[in-house]
Amino acid sequence: MKQQARDHVNRQLSESDGAPAKPIGAVSGEFVTEMFEYDGGRHVTVYLPPDPPQAIVFAGDGQRISKWGRLLEKADVPSTMIVGVHGLTDETLRLHEYSPGFEPERFAAHQKFFVEDIRRWTESRFGVALPTERTAVFGVSAGGELALALGLRHPHVYGAVLCASPGGGYKPPGIMPSPLPRTYLVAGTQEPFFLENARRWADALRDADADVVMNERTGSHGGAFWREEFPLMVAWAFGP
């Protein structure tokens, strides 16, 4: 794996064009974007907090989620680094990468890139390697499916799964693996399809004796409650 380009995020670009985007509002931390050879070229954007990281969140849809580091600076949470792997703009291909049931080979390739390659790069590039209990995987919508799929498959990598409004392509397996990561789910009362999916996951994980939080918030899909909940998720995952 070779890094082909690196630049600080200093331009205002669309969240949906797959390119680095400038965070909105004042921020004390630093944003670094690099491109990798994976799948013809894939960006990863990292939010580096102003203080040495005490926790790390790996996230899909990194062109959006990495910018949420500014929300953590305003919250009472440990210094947290976000490593955001950019998602595809083509929704079908994005779902095939994020949900294991559609195109298993594509999911497996992206899983290896996300879990193995990017984690090794994070350690070598930034000198950050934290234990499982200080590491989480996060996603929203289809990215929530990715977070659940990776968390269940790699509980010794991700101690916590943070999932907002998961899609319905990936459903709880009939037999849950063991051990299971701690899981925090949230969904909006105005997005019934996604709320049902989140409830389904919460029930299945509880039945398997997992540590689960399930919050229902006022809001629709993609609403402000995702951003509002994110610092609460991080505080739950990494707080005292």
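No experiment lies behind these values; they were computed from the predicted model shown. (Residues numbered from 1 in each chain as written. Predicted model: local features only at pLDDT ≥ 70, side-chain atom pairs only at ≥ 80, totals over all residues. Heavy atoms only, no water.)

**Focus on the nonpolar core**
For step 1, the next point in the chain: Counting 44 residues, the largest nonpolar core has Val44, Val83, Phe114, Ile118 and Leu185 as the members making the most contacts within it.
For step 2, the next point in the chain: Excluding residues that lie within four positions of it along the chain, Val83 makes contacts with Val44, Thr45, Val46, Ile56, Val57, Phe58, Ala59, Ile118, Trp121 and Thr122.
For step 3, the next point in the chain: Grouped together as the second largest cluster of nonpolar side chains are 28 residues, Tyr47, Ala55, Ile65 and Ile82 included. (Core = buried A, V, L, I, M, F, W, Y, C linked by side-chain atoms within 4.5 Å. Buried < 20%, exposed > 50% of the residue type's maximum accessible area, 1.4 Å probe, protein only. Contact = heavy atoms within 4.5 Å.)

**Quick notes on helix α4 (residues 104-126)**
For step 1, the next point in the chain: With 23 residues, α4 ought to run about 33 Å at 1.5 Å a step, and its terminal C-alpha atoms sit 31 Å apart, in line with that.
For step 2, the next point in the chain: The largest bend in α4 is about 30°, located at Ile118.
For step 3, the next point in the chain: When α4 is considered as a whole, its buried residues turn out to be Phe107, His110, Gln111, Phe113, Phe114, Val115, Asp117, Ile118, Trp121, Thr122 and Phe126.
For step 4, the next point in the chain: After α4 finishes, the residue Gly127 shows a positive phi value of roughly 70°. (Helix = DSSP H or I, 4+ residues; strand = E, 2+ residues; numbered from the N terminus. Expected span 1.5 Å × (residues − 1). Bend = angle between axes of the 7 residues up to and from the residue.)

**Some remarks on the pattern of salt bridges**
Oppositely charged side chains can pair when the atoms bearing their charge come close.
For step 1, the next point in the chain: Applying the stated rule across the entire model yields 15 salt bridges.
For step 2, the next point in the chain: Between Asp211 and Arg182 there is a salt bridge whose closest N-O contact spans 3.2 Å. Of the two residues, Asp211 is situated in the loop between α6 (192-207) and β9 (212-217) and Arg182 in strand β8 (residues 182-188); the sequence distance between them amounts to 29 residues.
For step 3, the next point in the chain: For the salt bridge of Arg217 with Glu229, the shortest nitrogen-to-oxygen distance reads 2.1 Å. You can see Arg217 sitting in strand β9 and its partner Glu229 sitting in helix α7 (residues 225-238), a full twelve residues away along the chain.
For step 4, the next point in the chain: Since its relative accessible area comes to 22%, Arg217 is described here as partly exposed. (Salt bridge = Lys/Arg side-chain N within 4 Å of Asp/Glu carboxyl O.)

**Structural notes on the packing of helix α3 (residues 91-98) against α4**
For step 1, the next point in the chain: Across the interface, α3 lies against α4 with an axial gap of 7 Å and an inter-helix angle of 70°. One finds that α3 runs roughly perpendicular with respect to α4. Across the interface between the two elements, Leu93, His96, Glu97 and Tyr98 of α3 pack against Arg106, Phe107 and His110 of α4. (Axes fitted to C-alpha atoms, helices over the stretch in contact; angles between N-to-C directions. Parallel < 35°, antiparallel > 145°, perpendicular 65-115°, else oblique.)

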